[in-house]
Amino acid sequence: MTTSTLATALLDWNRRFLTTTSDLTKEKIADMFADNFTVIANGKTYSANHDNYFDFLNQFRSTIKSIDYDCDDFITDNDYVVIPMIAHIVRIDESNEKFAAILILQFNSDSKVILWKEVYVKL
């Protein structure tokens, strides 16, 4: 699978599972993410695994009704993909948020995320 295909699948996974009504489980996280991976968000680095990422995502998605992305491009090589995008979040109170972001993903040989690096700013 290409990194572009893997990234598209991950964004689809986000749309499905990063909402308050989804049935997210640690097993579903394991479908997309390696046992241990790194998350870097706006310069802060976190060591992640299925357990602590599950806890983080449950808090993150607790007020999200829907999440979607307008991707400008998929810039790829064998292991990485860079995606400039606009992320759209609708909260359960119907408020809307929009973020300009650049997402960098790295995948291992099992096609699992080992790096999620993003820089984002609220618009």
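What you are looking at is a predicted structure, and each value in this text was computed from that prediction instead of being measured.

Engineer: Kindly report on the layout of surface pockets, identifying the contributing residues and their values.
Structural biologist: Each pocket or cavity is described by its volume, and for the largest pocket that value is around 650 Å³. As for the largest pocket, its lining consists of 27 residues, and the residues nearest its centre are F56, F60, W116, E118 and Y120. Top element by residues in the lining of the largest pocket is helix α3 (residues 50-60). It accounts for five residues. For the lining of the largest pocket, the class distribution of residues is 20 nonpolar, four polar and three charged.

Engineer: Tell me what's going on with the packing of aromatic side chains, and back it up with residues and numbers.
Structural biologist: Ring pairs (aromatic) are described by centroid distance and by the angle formed between their planes. On inspection of all chains with the given rule, the structure shows eight aromatic pairs. Centroid distance F33 to F37: 4.8 Å. Interplanar angle 35 degrees. Geometry classified as tilted. Following the ring pairs from residue to residue traces out a cluster consisting of W13, F17, F33, F37, Y53, F56 and F60.

About the cut-offs
- Residue positions are counted from 1 within each chain, in the order its sequence is given.
- Predicted model: local features are reported for residues with pLDDT of at least 70 only, side-chain atom pairs are reported and counted for 80 or more only, and whole-chain, interface and lining totals are derived from all residues.
- As a rule here, side-chain values come from all non-hydrogen atoms in the structure, and water together with hydrogens is ignored.
- Residues are called lining when one of their atoms sits within 4 Å of a cavity or pocket point, these points coming from a 1 Å grid over the protein atoms alone, where a cavity is a set in which a 1.4 Å probe fits but cannot get out and a pocket is an open set with protein on both sides within 12 Å along at least five of seven lines.
- Grid points are joined across faces, edges and corners, and a volume is the space filled by probe spheres set on the points.
- Numbering of helices and strands runs from the N terminus, with a helix taken as a DSSP run of H or I at least four residues long and a strand as a DSSP run of E at least two residues long.
- Gly is placed with the polar residues, together with every amino acid not listed as nonpolar (Ala, Val, Leu, Ile, Met, Phe, Trp, Tyr, Cys and Pro) or charged (Asp, Glu, Lys and Arg).
- Each Phe, Tyr or Trp ring, with Trp reduced to its six-membered ring, pairs with another whose centre is within 6.5 Å; inter-plane angles below 30 degrees give stacked pairs, above 60 give edge-to-face pairs, and intermediate values give tilted ones.

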